[in-house]
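Structural characterization, general
If you want the building blocks of each chain, they are given just below.
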Amino acid sequence: MRICIDPGHGGDDPGLQAFGITEKNVNLDIAFKLKQLLEHNGTGVVLTRDKDETLEPAERVERINQSGADYTISIHCNGGPVSAKGVETVYGHNAQTGKELAESILREISNLGIARRRAYNKLNAKREDYSFVIREAQMTAVLVETAFITNPSDNHLLSRNPFRKKIANAIATGIYNTVQINEQKSSHWALPFFNQIKEEGLVQDQYPLEKEVSWGEFSMVLARLIEKFKK
Ligand SMILES: [Zn+2]
């Protein structure tokens, strides 16, 4: 498997700047950390940029599409009013796998304590807003808005080296979960049971069936089941 990692912005385009940190540098650092983790697990990695380099949109898309990657992950920080915070993931035209990958990464990053906002599709975005990367990529591609650089508490997390490592780790786990889900799609004996509880609304996300369940997840499923019986 090969992953293309696209650290957003670079060179003359700094991205967002707030509380003394600059998005292009945060994105690149998370990208390096993710690359190291993926390669450690035997996954091939291609970066669209490995330095502080200005990339024209067409050049960025060309590097993605010539990478030979199975998935592309574009890394960004979000911005908005000072109170806005949390993680968002955006998927492109390869909708079903993209949605699963986006939801998986969203879940893993929100498990770090960053507020869970949403995984959503942004097909009609204009070229200048960076969603062109996931729209024009020829493979499954997800843009990760890791956290809000403009929010003091999110910014504090983004500014810390150990937390950027945790974000990279969460993205890697999100990728491997999705790959496992795709592999088990046609073959896993328990898939009909999982699909049934998903249809009944007891779980909302797709999970790798071999993964351990936490007490939090177990309680959530039981609570939803109890609600159903009460009705
Ligand atoms: Zn950005």
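Numbering of residues starts from 1 in every chain and runs along the sequence as written. Thresholds applied to this predicted model are a pLDDT of at least 70 for local features of residues and 80 or more for the giving and counting of side-chain atom pairs; totals over whole chains, interfaces and linings are not thresholded and use all residues.

So, about the overall build of the protein chain. Assigned secondary structure in the protein chain consists of eight helices and eight strands. For the radius of gyration, the atom set is restricted to C-alpha positions; the globular benchmark scales as 2.2 Å times the number of residues to the power 0.38. In terms of overall size, the protein chain behaves like a compact globule, its C-alpha atoms giving a radius of gyration of 18 Å where 231 residues would be expected to give roughly 17 Å. Taken along its principal axes, the extent of the C-alpha atoms in the protein chain is 60 × 40 × 35 Å. We call two residues in contact when their backbone-placed C-beta atoms lie within 7 Å. A separation threshold of at least 6 residues defines the contact pool for the protein chain, and within that pool the share at least 24 residues apart is 74%. By definition, any uninterrupted DSSP run of H or I lasting at least four residues is a helix, any uninterrupted run of E lasting at least two residues is a strand, and each is numbered from the N terminus.

Phi at His9 takes a positive value of approximately 65 degrees, unusual for a residue other than glycine. For His9, the location among the structural elements is in the loop between strand 1 (2–7) and strand 2 (17–18). Despite not being glycine, Phe19 shows a phi value in the positive range, around 50 degrees. Take Phe19: it is sitting in the loop between strand 2 and strand 3 (21–22).

Put simply, a residue is buried when 20 or more other C-beta atoms lie within 10 Å of its own C-beta and exposed when 12 or fewer do; between those, it is partly exposed, and each C-beta is set from the backbone. Counting buried positions along strand 6 (residues 87–91) yields five of five residues, so the element is predominantly enclosed. Taking every second residue as pointing to the same face, both faces of strand 6 are buried, with Val87, Thr89 and Tyr91 on one and Glu88 and Val90 on the other. Strand pairing is defined by DSSP finding a minimum of two bridges between the two strands. Sheet analysis places strand 6 next to strand 7 (residues 116–121), joined by five bridges and oriented parallel. Bridging from a neighbouring strand, Val87 pairs with Arg116 of strand 7.

Further remarks concern helix 2 (residues 57–65). Within helix 2, the full set of buried residues consists of Arg60, Val61 and Ile64. The arc that holds the buried residues of helix 2, viewed along the axis, is 95 degrees, so those residues lie on one side. Here the buried face of helix 2 lies against strand 1, strand 5 (71–78) and helix 4 (132–136). Regarding the arc, it is the one traced by the directions from the helix axis to the C-beta atoms.

Interfaces are often sized by the accessible area lost when the parts come together. Source of the domain bounds: an automatic or database domain assignment. If you check the domain split of the protein chain, you get domain 1 (2–183) and domain 2 (188–230). Taking the mean C-alpha position of each, domain 1 and domain 2 sit 28 Å from one another.

Inspection of the secondary structure puts Ile114 in the loop between helix 3 (95–110) and strand 7. The exposure class assigned to Ile114 is buried, which follows from the 23 C-beta atoms found within 10 Å. Residues Ile114 and Tyr91 lie 23 residues apart in sequence; the distance between their C-alpha atoms is 19 Å. Apart from the residues within four sequence positions on either side, Ile114 is in contact with Gly86, Val87, Ile109, Ala147, Asp154 and Leu157.

On to the sheet that holds strand 7. Spatially, 4-1-5-8-6-7 is the arrangement adopted by the six strands of the open sheet, whose pairing is mixed. Where the open sheet ends on each side, the last strands, each with one partner, are strand 4 (44–47) and strand 7. Between one strand axis and the next, the sheet turns by 20 degrees as a mean value, whatever way the strands run. Bridge analysis of strand 1 against strand 4 gives four bridges, and the strand direction is parallel. Directly across from Cys4, in strand 4, lies its bridge partner Val46. All axes here are fitted lines through C-alpha atoms, helices being fitted over the stretch that makes contact, and every angle between N-to-C directions spans 0 to 180 degrees. In the packing of helix 1 (residues 23–40) onto the sheet, contacts are made with strand 1, strand 4, strand 5 and strand 8 (140–148), and the angle to strand 5 comes to roughly 145 degrees.

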